[in-house]
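Breakdown of the fold
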There are 2 protein chains.
Amino acid sequence: MGTFSETIVDLKRAGLRPTRQRVALARLLFTGGHRHVSAEELFQEAKAGGIQVSLATIYNTLHQFTDAGLLREVPVDSGQSYFDTNISDHHHFFVPATGTVMDISDGALELGELPTPPDGFEIDRVDVVVRLKVLNG
Amino acid sequence: MGTFSETIVDLKRAGLRPTRQRVALARLLFTGGHRHVSAEELFQEAKAGGIQVSLATIYNTLHQFTDAGLLREVPVDSGQSYFDTNISDHHHFFVPATGTVMDISDGALELGELPTPPDGFEIDRVDVVVRLKVLNG
DNA sequence: GTGTTTGCAAAGTGTTTGCAATTTA
DNA sequence: TAAATTGCAAACACTTTGCAAACAC
């Protein structure tokens, strides 16, 4: 998503009306490199950028983008939801102390054969979270 | 933890006074096979078993047991904490629809070489969560 | 007795919801 | 103008906290 009008086209393609809020949030999220954000972080960032949007709309938008496949929720922390603009298959470092989420670069973590799910179930997705702590702590 | 007095000894060893509530909860948790419980589940189970204990104490106790190394928190779900009586190194299946946590049997999931953590950090632990959905859904 | 633990109720955090007002197409 | 979206405030689920009463040693 480069230009403004490309953003609009992408939102339409995803079945989402390109409202002022959605366009602005999409530009925050998808301009530049990949990001990991919590709702509160995105809210603060929007405010700082002069985007008028409510926290409820931030939550709505994050979930709509996730449903549309533009974002992926990263389940690193019980307590708070994080969203990743990198929707490719990959895993995460997480620093609980600071709430920092980082991608583990492709290939840096090999996941052998997957376990056989119990009867009646199939694997939906596999999430690996490598929890970090500050060295020498 | 088999007998009643063994439970008391184990709690003392962990630096925890063997109060009526702690002993009763320890027996619920550590008698029989390994368990995965949420605070609310343990609370209901305690009530059903005629153990008089408040929800606040359930939370306190779960965290004290975790700090003492008797339990391990399993970070499967943003929104709710689960605790595992199996403190050995292993991973989990999780069924979001039902909130069910299951151990992945040792060796069923091979985790190759771990990624190098960013400078200044070291790996604390690695959690793999295999999310399941009902077959044919 | 002294320090620890408990239970209650209140507060806290992150998230969702109901609905009237606004906006988009 | 009809349908979708927003924003507010209230509700929500889960968890933590403050403090007086109860308990363990």
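Residues numbered from 1 in each chain as written. Chains lettered and ligands numbered in written order. Predicted model: local features only at pLDDT ≥ 70, side-chain atom pairs only at ≥ 80, totals over all residues. Heavy atoms only, no water.

**Here we look at the relation of the copies chain A and chain B**
The transformation that overlays chain A on chain B combines an axial shift of 0.0 Å with a rotation of 179°, and the residual RMSD is 0.1 Å. The relationship between the two copies is best expressed as a two-fold rotation axis. When C-alpha distances to the rotation axis are compared across chain A, the minimum falls at A:Ser78, with a value of 1.8 Å. Both copies present the same face, since 100% of the interface residues in chain A are matched by interface residues at the equivalent positions in chain B. (Least-squares fit on C-alpha atoms with pLDDT ≥ 70 in both. Contact = heavy atoms within 4.5 Å.)

**Looking at the protein's contact with DNA strand C**
Neighbouring DNA strand C are 19 residues; A:Tyr59, A:Ser81, B:Thr19, B:Gln21 and B:Thr57 lie closest to it. Of all DNA strand C atoms lying within 4 Å of any protein atom, the proportion belonging to sugar or phosphate reaches 81%. B:Arg17 has a polar side-chain atom sitting 2.9 Å from a base nitrogen of DNA strand C. One of the backbone nitrogen or oxygen atoms of B:Gln52 is found 3.3 Å away from a phosphate oxygen of DNA strand C. (Near = heavy atom within 4 Å. Polar contact = N/O pair within 3.5 Å; in protein donor to acceptor, adjacent residues only side chain to side chain.)

**Describing the interface of chain A and chain B**
Listed per partner, the contact involves 39 residues of chain A and 39 residues of chain B. The three residues of chain A that bury the most area against chain B are A:Glu122, A:Arg131 and A:Lys133, which together make up 19% of that side's buried surface. If you look at where chain A meets chain B, you find four salt bridges. Residue B:Asp127 pairs with A:Arg131 through a salt bridge whose shortest N-O separation is 3.0 Å. Counting across the interface, chain A meets chain B through 14 residue pairs in polar contact (both at pLDDT 80 or more). Counting residues per element, the ones that place at least two in the side of chain A that touches chain B are strand S4 (91–95), strand S5 (100–104) and strand S6 (121–134) of chain A. In terms of residue class, the side of chain A that touches chain B is built from 21 nonpolar, eight polar and 10 charged. (Buried area = accessible area lost by both parts, 1.4 Å probe. Salt bridge = Lys/Arg side-chain N within 4 Å of Asp/Glu carboxyl O. Helix = DSSP H or I, 4+ residues; strand = E, 2+ residues; numbered from the N terminus. Nonpolar A, V, L, I, M, F, W, Y, C, P; charged D, E, K, R; others polar.)

**Observations regarding the pairing of S4(A)**
All names here are of chain A. In terms of burial, S4 is largely enclosed, as five of its five residues are buried. Bridging between S4 and S5 involves five bridges; their strand directions are antiparallel. Bridging across to S5, His91 finds its partner in Ile104. Hairpin connection, S4 to S5: the antiparallel pair is bridged by four residues, and Gly99 has positive phi, about 70°. Strand direction decides the pairing type here: S4 and S6, joined by three bridges, are parallel. (Buried < 20%, exposed > 50% of the residue type's maximum accessible area, 1.4 Å probe, protein only. Pairing = 2+ DSSP bridges.)

**Looking at the pattern of salt bridges**
Counting across every chain of the model gives 10 salt bridges over all chains. The partner of A:Arg35 in a salt bridge is A:Glu45, and the shortest N-O contact between them spans 2.8 Å. With A:Arg35 in the loop between helix H2 (20–30) and strand S1 (36–38) and A:Glu45 in helix H3 (residues 39–48), this pair connects stretches of sequence that are 10 residues apart. Assessed through its relative accessible area of 26%, A:Glu45 is described here as partly exposed. Here the salt bridges do not stand alone but share partners, grouping A:Arg125, A:Asp127 and B:Arg131 into one network.

**Digging into the packing of helix H2 (residues 20–30) of chain B against helix H4 (residues 55–67) of chain B**
All names here are of chain B. The N-to-C vectors of H2 and H4 enclose an angle of 65°; their axes lie 11 Å apart at closest approach. On the basis of their axis angle, the class for H2 and H4 is roughly perpendicular. The hand of the H2/H4 crossing is right-handed. Contacts between H2 and H4 involve Gln21, Arg22, Leu25, Ala26, Leu29 and Phe30 on the former and, on the latter, Thr57, Ile58, Thr61, Leu62, Gln64 and Phe65. The residue makeup of the contact of H2 with H4, split by class, is seven nonpolar, four polar and one charged. (Axes fitted to C-alpha atoms, helices over the stretch in contact; angles between N-to-C directions. Parallel < 35°, antiparallel > 145°, perpendicular 65-115°, else oblique. Left-handed = near helix turned anticlockwise from the far one by under 90°.)

**A closer look at the protein's contact with DNA strand D**
As a structural note, the neighbourhood of DNA strand D is formed by 19 residues, with A:Thr19, A:Gln21, A:Thr57, B:Tyr59 and B:Ser81 the closest of them. Considering the 4 Å shell around the protein, atoms of DNA strand D inside it are sugar or phosphate in 83% of instances. Taking A:Gln21, its side chain carries an N or O atom lying 2.7 Å from a sugar or linking oxygen of DNA strand D. In the environment of DNA strand D, a phosphate oxygen lies 2.8 Å from a nitrogen or oxygen atom belonging to the side chain of A:Arg22. For the surface near DNA strand D, the secondary-structure elements that each account for two or more residues are H2 and helix H4 (55–67) of chain A together with H4 of chain B. When residues of the surface near DNA strand D are assigned to their parent elements, the largest contribution, four residues, is made by H4(B).

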